[in-house]
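# A structural walkthrough
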Amino acid sequence: DSSSFVLLPSKAHLDAWALKTAQLLVDDHADEIRCGMIPLQMYIFSLMPFRHASTIETVELVQQRIEKCGGLSTQLDAMLGRFRKATNRRMALLQDEARRTGNSKVTINEDDKNENDGSSPTTFSDEDILETFPFDADMTSA
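These notes cover the structure that comes with them.

Rules behind the numbers
- Residues numbered from 1 in each chain as written.
- Predicted model: local features only at pLDDT ≥ 70, side-chain atom pairs only at ≥ 80, totals over all residues.
- Heavy atoms only, no water.
- Helix = DSSP H or I, 4+ residues; strand = E, 2+ residues; numbered from the N terminus.
- Buried < 20%, exposed > 50% of the residue type's maximum accessible area, 1.4 Å probe, protein only.
- Contact = heavy atoms within 4.5 Å.
- Core = buried A, V, L, I, M, F, W, Y, C linked by side-chain atoms within 4.5 Å.
- Salt bridge = Lys/Arg side-chain N within 4 Å of Asp/Glu carboxyl O.
- Expected span 1.5 Å × (residues − 1).

### Some words on the overall build of the protein
Within the protein one finds five helices and zero strands. Reading the helices (α) and strands (β) of the protein from amino to carboxyl end gives α-α-α-α-α. A burial count over the protein gives 14% of its 142 residues as buried. When contacts within the protein are restricted to residue pairs at least 6 apart in sequence, long-range pairs at least 24 apart make up 42% of them.

### Re the nonpolar core
Side chains that are nonpolar tend, in soluble globular proteins, to be buried together. In this structure, Ala-22, Val-26, Ile-33, Ile-38, Tyr-43, Leu-47, Phe-50, Val-62 and Cys-69 together form the largest nonpolar core, which totals nine residues. If sequence neighbours within four positions are ignored, Cys-69 has contacts with Leu-40, Tyr-43 and Ile-44.

### Examining unusual backbone geometry
Within the chain, Ser-54 stands out as a residue other than glycine whose phi angle is a positive 55°. Relative to the elements of secondary structure, Ser-54 occurs in the loop between α4 (48-52) and α5 (56-101).

### So, the pattern of salt bridges
One pass over the structure, following the stated rule, counts four salt bridges. Note that Asp-15 is salt-bridged to Lys-11, the shortest N-O span being 2.8 Å. Of the two residues, Asp-15 and Lys-11 both sit in helix α1 (residues 11-28), four residues apart, roughly one turn of that helix. Here Glu-97 and Arg-100 are joined by a salt bridge, their closest N and O atoms 2.5 Å apart. Of this pair, Glu-97 and Arg-100 both sit in helix α5, three residues apart, which is roughly one turn of that helix.

### Here we look at α5
For α5, with 46 residues, the first-to-last C-alpha span of 66 Å sits near the 68 Å given by 1.5 Å per residue. Elements that come into contact with the buried residues of α5 comprise α3 (40-46) and α4. Where α5 terminates, the next one or two residues include Gly-102, which has phi positive at roughly 75°.

### Description of the side chain of Thr-58
The topology assignment puts Thr-58 in helix α5. On the accessibility criterion, Thr-58 (15% relative accessible area) is buried. In this structure Thr-58 touches Phe-50 and Ala-53, once residues within four positions along its chain are discounted.

Set out below in structure tokens:
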């Protein structure tokens, strides 16, 4: 019985549909893409229909978009690196204090005073604090 078979659209039709969907995404969600609300991996995946269209214009568009992403990726990598360093420094501080006191349950309170022995506050330089990491923010869409 041939009525149980479902005919799928042609590859060309599906490719055209994917390209139109990708175009809607980059047009309608440009602000979300620019500020990183759409994860970079998702955005890169959404550019594939442009690349697969294999025209000079669509591949050039992908190249331009990738270059723009490079700056955001670099900023995110730098921020992640700073956060990792600050976290590792905090862990080293806690581990040193735990070794010094023999207490593995050492904590640091909001004032950076050791809650276990009332010692003086630990000071951190601006380089130790992630929030002082400079970055450019485009607030036009905010």
